[in-house]
Amino acid sequence: MSAVVEDKSKRLGRWYFGGLASAGAACCTHPLDLVKVALQTQQGKLSVVQLTAKVVREQGVLALYNGLSASVLRQMTYSMTRFGIYEVGKKHINTDTFLGKITLASLSGCFGGIVGTPADMVNVRMQNDVKLPAEQRRNYKNAVDGLIKVYRQEGFKRLFSGATTATGRGVLMTVGQIAFYDQIKSMLLATPHFQDNLATHFTASLAAGAIATTLTQPLDVLKTRSMNAKPGEFKGLWDIVKFTARLGPMGFFKGYIPAFVRLGPHTIITFVFLEQLRLNFGITPLQKA
């Protein structure tokens, strides 16, 4: 009697797979994220290529990985929270409809944005160090060192600087990435041309990356400026909005191309890793987590 072959496509992901996949993707795309932050915080008009060349010329190739520990910590807090809540929430909220997916993604992104704010702020600061004069750099040794120094020097409240925009961005990012990925993937699988394989995962994640970048870029610019600001530089969020508006409407989309160049591959790699984790290490419907 031949053994029954399990259909791996029926497997479900474990709640922490999203955090692991996002951390892996962050390691691959970190240099692109660093250049994006540098572009958003500069007041000059250096292009992506010029800014990248300037960093490499002055500080070496490894400077492009400045803040990698904070980036990984951010994914293990921010992304693990939002992916985890989304995965567990499927048992309680009907995600068969697009509205259900958006509702659950919004809740997941909200909590993820709050939890990930401290690591996100340290990440932004460590990345921004590469374009500052030596005497102005914060020189955090790693993510944990950055969190400790911010707490000691600026207070606990400062750890959540930019939490409002980070939470709003987290909601839009999660809707753009997870909800749209789920929806697009479902639509593709409903046709006879796609199977639950790498081609489908790549196509759905590429589209989700483009949608997420467009939804989140204005808040991403405001979040970056807020987290990188010196104490007292801005009175509040509206002050940052007015400061950014001086550059015109496109000031809110500053760094859009490098943001997509970074977020597109990051989204693709995240979901490819996530789907491989699900297919190879996931839970069968009858198996308990």
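Basis of the calculations
Residues numbered from 1 in each chain as written. Predicted model: local features only at pLDDT ≥ 70, side-chain atom pairs only at ≥ 80, totals over all residues. Heavy atoms only, no water. Helix = DSSP H or I, 4+ residues; strand = E, 2+ residues; numbered from the N terminus. Rg over C-alpha atoms; globule rule 2.2 N^0.38 Å. Buried < 20%, exposed > 50% of the residue type's maximum accessible area, 1.4 Å probe, protein only. Contact = heavy atoms within 4.5 Å. Areas by Shrake-Rupley, 256 points an atom, 1.4 Å probe, with all protein chains shown as cover. Lys, Arg positive; Asp, Glu negative; His and termini not counted. Charge placed at Lys NZ, Arg CZ, Asp CG, Glu CD. 1 Å grid on protein atoms, 1.4 Å probe; cavity = no way out; pocket = protein on both sides within 12 Å on 5 of 7 lines; lining within 4 Å. Points joined across faces, edges and corners; volume = space filled by probe spheres on them. Nonpolar A, V, L, I, M, F, W, Y, C, P; charged D, E, K, R; others polar. Phe/Tyr/Trp six-rings, centres within 6.5 Å; stacked < 30°, edge-to-face > 60°. Expected span 1.5 Å × (residues − 1). Bend = angle between axes of the 7 residues up to and from the residue. Core = buried A, V, L, I, M, F, W, Y, C linked by side-chain atoms within 4.5 Å. Axes fitted to C-alpha atoms, helices over the stretch in contact; angles between N-to-C directions. Parallel < 35°, antiparallel > 145°, perpendicular 65-115°, else oblique. Polar contact = N/O pair within 3.5 Å; in protein donor to acceptor, adjacent residues only side chain to side chain. Left-handed = near helix turned anticlockwise from the far one by under 90°.

Asker: Can you help me understand the overall build of the chain in this one?
Answerer: Helices and strands together make up the secondary structure of the chain, namely nine helices and zero strands. Going from N to C terminus, the chain has its helices and strands arranged as α-α-α-α-α-α-α-α-α. At 20 Å, the chain has a C-alpha radius of gyration in line with the 19 Å of a compact globule built from 289 residues. Its C-alpha atoms give the chain principal-axis dimensions of roughly 75 × 35 × 35 Å. Taking all 289 residues of the chain together, 49% fall into the buried category. If you take every contact in the chain between residues at least 6 apart in sequence, the share linking residues at least 24 apart comes to 79%. Summed over its atoms, the accessible surface of the chain is roughly 14200 Å², and 66% of this surface lies on carbon and sulfur atoms. Each charge sign in the chain was given a centre, from 34 positive and 17 negative side chains, and these centres are 4 Å apart.

Asker: Whenever I open this one, the layout of surface pockets confuses me. Can you help?
Answerer: One simple way to see leftover space: roll a probe sized like a water molecule over the atoms. One number sums up the size of the largest pocket: a volume of about 970 Å³. Along the walls of the largest pocket sit 33 residues, with Arg-11, Leu-12, Glu-87, Lys-90 and Arg-278 positioned nearest its centre. In terms of residue count, the dominant contributor to the lining of the largest pocket is helix H6 (residues 163–189) (six residues). In the lining of the largest pocket, the residues fall into 13 nonpolar, six polar and 14 charged.

Asker: What am I meant to see in the packing of aromatic side chains here?
Answerer: Both the distance between ring centres and the angle between the ring planes are used here to describe each pair of aromatic rings. All told, the structure shown has six aromatic pairs when counted by the stated rule. With a centroid separation of 5.3 Å and an interplanar angle of 90°, the aromatic rings of Tyr-16 and Phe-17 are classed as edge-to-face. Where Phe-98 meets Phe-180, the ring centres are 5.1 Å apart and the plane angle is 75°; that geometry is what we call edge-to-face. One end of the pair, Phe-98, is in helix H4 (residues 98–128); the other, Phe-180, is in helix H6, with 82 residues separating them in the sequence. A relative accessible area of 22% places Phe-180 in the partly exposed class.

Asker: Explanation requested: H4 in the structure shown.
Answerer: Because each turn of an α-helix spans 3.6 residues, side chains separated by three or four positions end up pointing in the same direction. The end-to-end C-alpha separation of H4 is 38 Å, well short of the 45 Å expected for 31 residues at 1.5 Å each. At Thr-117, H4 shows its largest kink, close to 55°, and the proline Pro-118 lies no more than four residues downstream.

Asker: Could you clarify how one ought to interpret the nonpolar core in this entry?
Answerer: The tendency in soluble globular proteins is for nonpolar side chains to be buried as a group. In this structure, Phe-271 and Leu-274 are the most contacted members of the largest nonpolar core, which totals 17 residues. Broken down by secondary-structure element, the contributors of at least two residues to this core are helix H1 (17–41), helix H3 (68–89), H4, H6, helix H7 (198–228) and helix H9 (256–281). It is H6 that contributes the most residues to this core, six residues altogether. Once you skip the residues sitting within four places of it in the chain, Phe-271 turns out to touch Phe-83, Gln-177, Ile-178, Tyr-181 and Ser-205.

Asker: Please explain empty space enclosed by the protein as it appears in this structure.
Answerer: The final tally for this structure, using the stated rule, is five cavities of 30 Å³ or more. There is about 70 Å³ of room inside the largest cavity. Where the lining of the largest cavity is concerned, the elements lending two or more residues are H1, H4 and H7. The element contributing the most residues to the lining of the largest cavity is H4, with four residues. Among the residues forming the lining of the largest cavity, the class breakdown is two nonpolar, three polar and eight charged.

Asker: How should the packing of H6 against H7 be read in this particular structure?
Answerer: Think of two packed helices as two axes; the pair is described by the angle between the axes and how far apart they sit. The interhelical angle for the contact between H6 and H7, taken along N-to-C directions, is 170°, at an axis separation of 8 Å. Taken as axis vectors, H6 and H7 run roughly antiparallel relative to one another. Residues that form the contact of H6 with H7 fall into these classes: 17 nonpolar, nine polar and four charged.

Asker: When you look at the side chain of Arg-278 in this model, what are you seeing that I'm missing?
Answerer: In this fold, Arg-278 is placed in helix H9. There is a polar contact of 2.8 Å between the side chain of Arg-278 and the side chain of Asp-196. Once you skip the residues sitting within four places of it in the chain, Arg-278 turns out to touch Lys-8, Ser-9, Arg-11, Leu-12, Gly-13, Phe-17, Lys-185, Asp-196 and His-201.

Asker: Would you mind going over the packing of H7 against helix H8 (residues 237–245) with me for this structure?
Answerer: Contact pair H7 / H8: the axes reach a minimum separation of 10 Å and the direction vectors enclose 115°. With respect to each other, H7 and H8 are oriented roughly perpendicular. Here H7 and H8 pass one another in a crossing that is right-handed. The residues of H8 that touch H7, namely those facing Val-221, Leu-222, Arg-225 and Ser-226, are Leu-237, Ile-240, Val-241, Phe-243 and Thr-244. Partitioning the contact of H7 with H8 into residue classes produces six nonpolar, two polar and one charged.

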